[in-house]
Amino acid sequence: MQQLQHRTRARKLYASIPGIFKCTSIAAVLKNKVFYPASVTYQAEESLYWSAQQEDQIPTCRIAPTSAKDVSVALSILKAQNCQFAVKSGGHASFAGASNIDGGVAIDLLNLTSFTVSSDRKQVSVGTGLRWGQVYIKLDAMGLSVIGGRNSDIGVSGLTLGGGISYFSGIYGWACDNVNNYEVVFANGSIQQVSYTTLPDLYFALRGGGNNFGIVTRLDLASFEQGKMWGGAFNYGSDTFTSLITAFHWFNINHPEDPNAAVILAFVWFSPSVGFLGSVDLEYALPVVAPPILSNFTDIPDLSNSGRITNLTDLALELAATQPAGSRETYWACMSQNDEQYLNDVLALWETETVKIMNVTGVLPVLVFQPISLAMISHMSKNGGNALGITAANGPLVLINVSSKWTYTSDDALIQAWAKSVIDKTVSLGKARGVWNRYIYQNYAGQPQDVFAGYGPVNKAKLVSIHKKYDPNDVFTKLQPGYFKID
Ligand SMILES: Cc1cc2nc3c(=O)[nH]c(=O)nc-3n(C[C@H](O)[C@H](O)[C@H](O)COP(=O)(O)OP(=O)(O)OC[C@H]3O[C@@H](n4cnc5c(N)ncnc54)[C@H](O)[C@@H]3O)c2cc1C
């Protein structure tokens, strides 16, 4: 079976050879920043995608710009040649074509690694080739932090352009609500600074608009003083699942009373010998062991836990170690109100559906509930508001995420059908119970899901018109075909 996957890759590689001529005009200008399939650098960059589906894509060449100017030059040539492209930051989007491309050109931002801290320590500027772990290790040493991913391997810009949930989101909001300024290469090749004061419409669009509006080359992030914190992974047996959901439900309601805390509640089908497990990430922004806001969880007897006083870098590395790269992957999402009975029903339906894929090689089905508390939502209206369309009405809310990894392409259709069926049934159940919310989190959504419809008709129409204004020739929606498109 593995041999078959290697053969498919070799066939695609061969098919991409005639297209190499498309890259030569870019190479004439960017010279040693353009890499072809036979090169070691090309192959190393291809191996940096998180999912096997993305790694399987064979671009004709890969470009690794070292400045916004390089990005602008590459974009202008791609436009002139009508050549399709994809843009990669950390490469963690799961489905094929999200940040890689078959036969087109991949712009890999990995060498945009600038990092500066303002003299008043209130702003950290990061190049969009950095991953959160690279940012945190520097900031922890300075007693500072920013709103970013909880897994060290995620790229700074994919996460931020889709929203971005952090352990500190109860205190400061999502990542997209904590960007002071975006440096953006526009469709016309110009490089501009986008903030609430310079270009408020585009600033709004970038707060959730994904890859539809430009290529972001630097993010100026609001930073804050942050010392040691408490947290870790808590593992529970299946006999505790009802209690875990009750704890989650009350945490979501109580979060505004102590927004220092963060929770990710996951249910995992582990293996035939282990069965279903609960795995809860509990964090607290201060060095306080098992704070009262989290006692509904910590009072439940666990099988094991890694709770300790540590720093964000360590916690982000811990999470990355449990989510290694290299497998086939799927992520899907939906949202509901914070209804305890509904969450129990969703868990039951996920368990029933999951029985159907238990024998698939390498499978690891996961159901995740994340609180979108009123504490988090209260920050979404900062600086004119973001594009996500999440409001406090009927809040707090629950982000529901269904995912799995697996080994072989031959199981792709089965796993995708499983994930779609779980999400469709979860949505139907939510609608029947009156607790469904239309929002779909872009950063966890499955390829066929209509993310921008979930932002609501008003925000979607606003995004479409902002897109028309800044990208009238549809460079980012047609020449860059991958990921979620605004129109
Ligand atoms: C293991 C794992 C852990 C995760 N943890 C979290 C978490 O803690 N919090 C959270 O909110 N989400 C989390 N996510 C979801 C994550 O935010 C998304 O997968 C995100 O898109 C990844 O960003 P990236 O830069 O690594 O991905 P990429 O695949 O590089 O990019 C994703 C999309 O954004 C576009 N893009 C990226 N950079 C730019 C840019 N500079 N300009 C224009 N377009 C760009 C790409 O073209 C692509 O379409 C996690 C996902 C995984 C798989």
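Taking an unreviewed UniProt entry as the reference, the protein is identified by name as FAD-dependent monooxygenase CTB5 belonging to Hyphodiscus hymeniophilus. A UniProt comment under Sequence similarities (unreviewed entry) is attached to the protein, and it reads "Belongs to the oxygen-dependent FAD-linked oxidoreductase family."

A. Spotlight on the pattern of salt bridges. Within the structure shown, the criterion is met by 20 salt bridges. Where Arg-62 meets Glu-46, a salt bridge forms, and the shortest distance between an N and an O atom there is 2.7 Å. One end of the pair, Arg-62, is in strand E2 (residues 61–63); the other, Glu-46, is in helix H3 (residues 40–46), with 16 residues separating them in the sequence. Each member of the pair, Arg-62 together with Glu-46, is buried. Put simply, Glu-45, Glu-46, Arg-62, Lys-88 and Asp-108 are held in one network by salt bridges that share partners.

B. Highlighting the site of the ligand. Taken together, 34 residues form the shell around the ligand, and within it Val-87, Ser-99, Ile-165, Val-216 and Tyr-441 come nearest. Backbone polar atom of Ile-165 to an oxygen atom of the ligand: 2.7 Å apart, as the coordinates give it. Mapped onto the shell around the ligand, the elements with two or more residues apiece are strand E3 (85–88), helix H7 (156–162) and strand E10 (215–225). No other element matches H7, which puts four residues into the shell around the ligand.

C. Focus on the packing of aromatic side chains. Going through the model one piece at a time under the given rule, you end up with 23 aromatic pairs. Measuring from ring centre to ring centre gives 5.4 Å for Phe-95 and Phe-484, while their planes differ by 80 degrees; the resulting arrangement is edge-to-face. Of this pair, Phe-95 sits in the loop between E3 and strand E4 (105–108) while Phe-484 is found in the segment after helix H17 (475–479), placing the two residues 389 residues apart along the sequence. Residue Phe-95 is classed as buried on the basis of its relative accessible area of 10%. Connected via pairs of aromatic rings, a cluster forms that spans Trp-50, Trp-174, Tyr-331, Tyr-439, Tyr-441, Tyr-444, Phe-452 and Tyr-455. The cationic tip of Lys-88 hangs over the ring face of Tyr-49; the distance from NZ or CZ to the ring centre is 5.7 Å.

D. A look at the domain arrangement of the protein. The domain architecture assigned to the protein consists of domain 1 (2–109), domain 2 (115–226) and domain 3 (229–455). Once you take the C-alpha centre of each, domain 2 and domain 3 turn out to be 24 Å apart. The contact between domain 2 and domain 3 buries some 3,100 Å² in all, and 57% of this surface belongs to carbon and sulfur atoms. Interface area lost by domain 2 to domain 3 is led by Arg-150, Tyr-167 and Trp-174, which between them contribute 25%. Seen at the junction of domain 2 and domain 3, the total is zero salt bridges. Counting across the domain 2 and domain 3 interface gives 22 residue pairs in polar contact (both at pLDDT 80 or more). Secondary-structure elements contributing two or more residues to the side of domain 2 that touches domain 3 are helix H6 (132–142), H7, helix H8 (169–172) and helix H9 (200–206).

E. Representation of the side chain of Ser-169 in the model. If you trace the backbone, Ser-169 turns up in helix H8. Residue class for Ser-169 comes out buried when judged on its relative accessible area of 0%. For Ser-169, the side chain forms a polar contact with the main-chain nitrogen of Ser-166, separated by 2.9 Å. For Ser-169, the residues in contact, after removing those within four places along its chain, are Ile-147, Gly-164, Trp-174, Met-376 and His-379.

F. Representation of the packing of H6 against helix H12 (residues 312–322). Direction vectors running N to C along H6 and H12 enclose 155 degrees, while the axes themselves pass 8 Å from each other. What the angle tells us is that H6 and H12 run roughly antiparallel. Of the residues in H12, those touching H6 at Tyr-136, Ile-137 and Asp-140 are Leu-312, Thr-313 and Ala-316. Of the residues in the contact of H6 with H12, the class split is four nonpolar, one polar and one charged.

G. Layout of the state of the cysteines. Under the counting rule described, the total for this entry stands at one disulfide. With a sulfur-sulfur separation of 2.0 Å, Cys-23 is cross-linked through a disulfide to Cys-61. What sets the handedness of the Cys-23 and Cys-61 disulfide is the S-S torsion sign, and at about -95 degrees it is left-handed. With Cys-23 in helix H2 (residues 21–30) and Cys-61 in strand E2, this residue pair connects regions lying 38 residues apart in the sequence. For the residue pair Cys-23 and Cys-61, the accessibility class agrees, reading buried in each case. With no disulfide of its own, Cys-176 lies closest to Cys-334 among cysteine sulfurs, the gap being 20 Å.

H. Seen up close, the nonpolar core. Counting residues in hydrophobic clusters, the biggest one holds 77 residues, and the most contacted among them are Trp-174, Tyr-182 and Leu-202. With five residues, H9 is the single largest residue contributor to this core. Each residue touching Tyr-182, except ones within four places of it in the same chain, is listed here: Leu-161, Cys-176, Gln-192, Gln-193, Val-194, Tyr-203, Leu-206, Arg-207, Val-216, Arg-218 and Leu-219. Ranked by size, the runner-up nonpolar core spans 47 residues in total, among them Tyr-236, Phe-248, Ile-400 and Trp-406.

I. Here's a closer look at the side chain of Lys-485. One can find Lys-485 in the segment after H17. Despite being buried, Lys-485 has no salt bridge partner; Asp-487 is the closest side chain of opposite charge, sitting 7.6 Å away. At 2.8 Å, the side chain of Lys-485 and the backbone oxygen of Gln-480 are in polar contact. At a separation of 3.1 Å, a polar atom in the side chain of Lys-485 contacts the main-chain carbonyl oxygen of Gly-482.

J. Seen up close, H6. Looking only at H6, the buried set comprises Trp-132, Gly-133, Val-135, Tyr-136, Leu-139 and Asp-140. Seen end-on, H6 carries its buried residues on one side only, within an arc spanning 150 degrees. For H6, the exposed residues lying more than 90 degrees away from the buried face are Ile-137 and Ala-141. Against the buried residues of H6 lie strand E5 (115–117), strand E6 (123–127), strand E7 (144–146), H7, E10 and H12. Directly beyond the C-terminal end of H6, a positive phi value near 70 degrees is found at Gly-143.

Definitions and cut-offs
Residues numbered from 1 in each chain as written. Predicted model: local features only at pLDDT ≥ 70, side-chain atom pairs only at ≥ 80, totals over all residues. Heavy atoms only, no water. UniProt positions renumbered as here; feature names shortened; annotations may be inferred. Salt bridge = Lys/Arg side-chain N within 4 Å of Asp/Glu carboxyl O. Helix = DSSP H or I, 4+ residues; strand = E, 2+ residues; numbered from the N terminus. Buried < 20%, exposed > 50% of the residue type's maximum accessible area, 1.4 Å probe, protein only. Near = heavy atom within 4 Å. Polar contact = N/O pair within 3.5 Å; in protein donor to acceptor, adjacent residues only side chain to side chain. Phe/Tyr/Trp six-rings, centres within 6.5 Å; stacked < 30°, edge-to-face > 60°. Lys NZ or Arg CZ within 6 Å of the ring centre and 35° of its normal. Domains from an automatic or database assignment. Buried area = accessible area lost by both parts, 1.4 Å probe. Contact = heavy atoms within 4.5 Å. Axes fitted to C-alpha atoms, helices over the stretch in contact; angles between N-to-C directions. Parallel < 35°, antiparallel > 145°, perpendicular 65-115°, else oblique. Nonpolar A, V, L, I, M, F, W, Y, C, P; charged D, E, K, R; others polar. Disulfide = S-S within 2.5 Å. Core = buried A, V, L, I, M, F, W, Y, C linked by side-chain atoms within 4.5 Å. Lys, Arg positive; Asp, Glu negative; His and termini not counted. Arc of directions from axis to C-beta.

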